[in-house]
Each structure stands twice: as structure tokens, then as C-alpha cells.
Amino acid sequence: MKGMPGSRPDLGAPASERMTPVRAVFLVGFMGAGKTSVGRALSRHLGWRFEDLDDRIQAREGRTVSEIFQQSGESGFRQAERAALAELLEQQIGAPLVAALGGGAYAQEEIAALLAKSGALTVFLDASPDELWRRCGTDVVERPLRRDETEFRRLYGVRRPRYLQATIKVETSGRAVAEIVHEIASVLKLDHRVSGQEK
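Here the structure is a predicted model, which means the values were calculated and not measured.

Within helix H4 (residues 109-118) the residues assigned to the buried category are Ile111, Ala112, Leu115 and Ala116. An end-on view of H4 places all buried positions within 135° of arc, on one side of the element. Exposed and oriented more than 90 degrees from the buried face of H4 are Glu109 and Lys117. Those residues of H4 that are buried lie in contact with strand E1 (24-28), helix H3 (65-91), strand E4 (121-126) and helix H6 (149-163). Positive phi appears at Gly119, one or two residues downstream of H4, with a value of about 85°.

Shown next, in the form of C-alpha cells:
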């Protein structure tokens, strides 16, 4: 996978030999990819803290994501998104973190740059457009940028090249959350711990 030089540890080295221990993993990908559900499960698996960036945005703004889009437009939402991520990265001291980003976050150059500078690992959760559209159709979450299917597929195509710059890519179509979590932990060579204790 492509990435910025020096932005992450050597994944080929054993966890005990890395220059800098992994302290944060950010899940990226299109709407419906399963970032929140996989993120929660991965955080439990590792015994790490979990945060959904959209939740932080809503708490900071006192509005839902849909309300921000309606009242401030997408540009207003992206500004709030960058501010929330910068705050999260500044506060990311102590307990290691698993975080889920909104579908459009990593597609923003400034967001990708913030993550690269932080040294956090990024995981692209991918699935086919057909699968993503189907999942979103059964999701109770309101998605401001989910328009018609043609627009949905176009947006996926526009964003995917940026997603592919993540540290690793994990296919999620037809797979259980537990299987996806195991692959992420294995590929990133993360210790399997729960609340600091060996499983």
C-alpha cells in the first residue's frame, strides 16, 4: 500500500522491535463499510479506547451530522471534522486508540495529512459498491451524501484512490466482523490484549 515515508512503523518488524509502538489505528472507507462496528470490535479485542469521530463532531457542535450539513453545508461540516480530528490527535495521550472516521474524512487532503503527521496507522475497509449500497439501504443512520445509486457509485469511485493510500486495505464483503478484526490485528502485528491482559 502507498503511504508517506516515515509516516508509520515497519510492519515487517516484530511488534517488540518497532522504533515507535503503535498507539492509534484509524479506520477509513466509504459509507456502509462497517468502520464503527469493526472499530468497536477491534477496540475490545485489543483493550484499546474507541472513538467515532462523528460522535465527537456532534458533541462539539451541539448538532447532528445531518443538521450540520443542512445548516452549514458540506464545507461547514468538513471544517468541523478537521477541528475534531485535530483535537482528538492532540488529546491522544496515554491509552492507545481505535477510531472510526466518516466516509468523506480521509478523502480530504488535510485530514490525510494530519493522520500521516501523527504516525497513526490507517485501515481501509473496502467492499463492492453493490454491497455498500445494500448495507446503507438497511442502515438506520441518516446519511446526508447518500443520494441516488448513480451518485453513490460516482462518489465511491472518486474517493477510492485516496482510501487506497491507507496503511492496509481489508476486504469486508461477506465477512464476519470477528474475521475482519483478526486480519487487521494480524497484518498490523498488534498484540491481542483485552484491558491490558493477555487473552
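Before going further, it helps to examine the environment of Ala84. Note that Ala84 resides in helix H3. On a C-alpha basis, the gap between Ala84 and Glu61 in space is 9.6 Å, while along the polypeptide they are 23 residues apart. Not counting residues within four places of it along the chain, the set of residues in contact with Ala84 comprises Leu53, Arg56, Ile57 and Arg60.

Attention now moves to the packing of helix H5 (residues 129-137) against H6. When two helices pack together, their arrangement is captured by the angle between the axes and the distance separating the axes. Direction vectors running N to C along H5 and H6 enclose 125°, while the axes themselves pass 10 Å from each other. Taken together, the axes of H5 and H6 are oblique relative to one another. Classified by chirality, the crossing of H6 by H5 is right-handed. Taken together, the residues of H6 that come into contact with H5 (itself represented by Pro129, Asp130, Leu132, Trp133 and Cys136) are Glu149, Phe152, Arg153 and Tyr156. Of the residues belonging to the contact of H5 with H6, the class tally is six nonpolar, no polar and three charged.

Counting residues in each nonpolar core, the largest one holds 56 residues, and the members touching the most others are Val25, Phe26, Leu101, Val123, Leu125 and Ile184. Tallying contributions element by element places H3 first for this core, with eight residues. Setting aside its immediate chain neighbours within four residues, Val123 contacts Val25, Phe26, Leu27, Val28, Ala166, Ile168, Val170, Ile184 and Leu188.

Reading guide: rules and limits
- Position labels on residues start from 1 in each chain and follow its written sequence.
- Totals for whole chains, interfaces and linings use every residue, but because this is a predicted model, local features are given only for residues with pLDDT of at least 70 and side-chain atom pairs only at 80 or more, for both listing and counting.
- By convention in this description, side-chain values take in all heavy atoms of the structure and omit both hydrogens and water.
- Here's how the labels work: a residue is buried when its accessible area is under 20% of the maximum for its type, exposed when over 50%, partly exposed in between, all with a 1.4 Å probe on protein chains only.
- Strands are runs of DSSP state E lasting at least two residues, helices are runs of H or I lasting at least four, and both sets are numbered from the N terminus onward.
- To obtain the arc, one takes the directions from the helix axis to the C-beta atoms.
- Residue contacts follow a heavy-atom distance rule, with two residues in contact if any of their heavy atoms lie within 4.5 Å.
- A fitted line through C-alpha atoms represents every axis, and for helices the fit uses only the stretch in contact; the resulting angles, taken between N-to-C directions, go from 0 to 180 degrees.
- For classification, angles of less than 35 degrees are called roughly parallel, those exceeding 145 degrees roughly antiparallel, those between 65 and 115 degrees roughly perpendicular, and all remaining angles oblique.
- Each helix crossing is assigned a hand: it is left-handed if the near helix lies turned anticlockwise from the far helix by less than a right angle, otherwise right-handed if that turn is clockwise.
- Gly is put with the polar residues, along with every residue not named as nonpolar or charged; the nonpolar set is Ala, Val, Leu, Ile, Met, Phe, Trp, Tyr, Cys and Pro, and the charged set is Asp, Glu, Lys and Arg.
- Buried residues of nine kinds, namely Ala, Val, Leu, Ile, Met, Phe, Trp, Tyr and Cys, make up a nonpolar core once their side-chain atoms join them within 4.5 Å.

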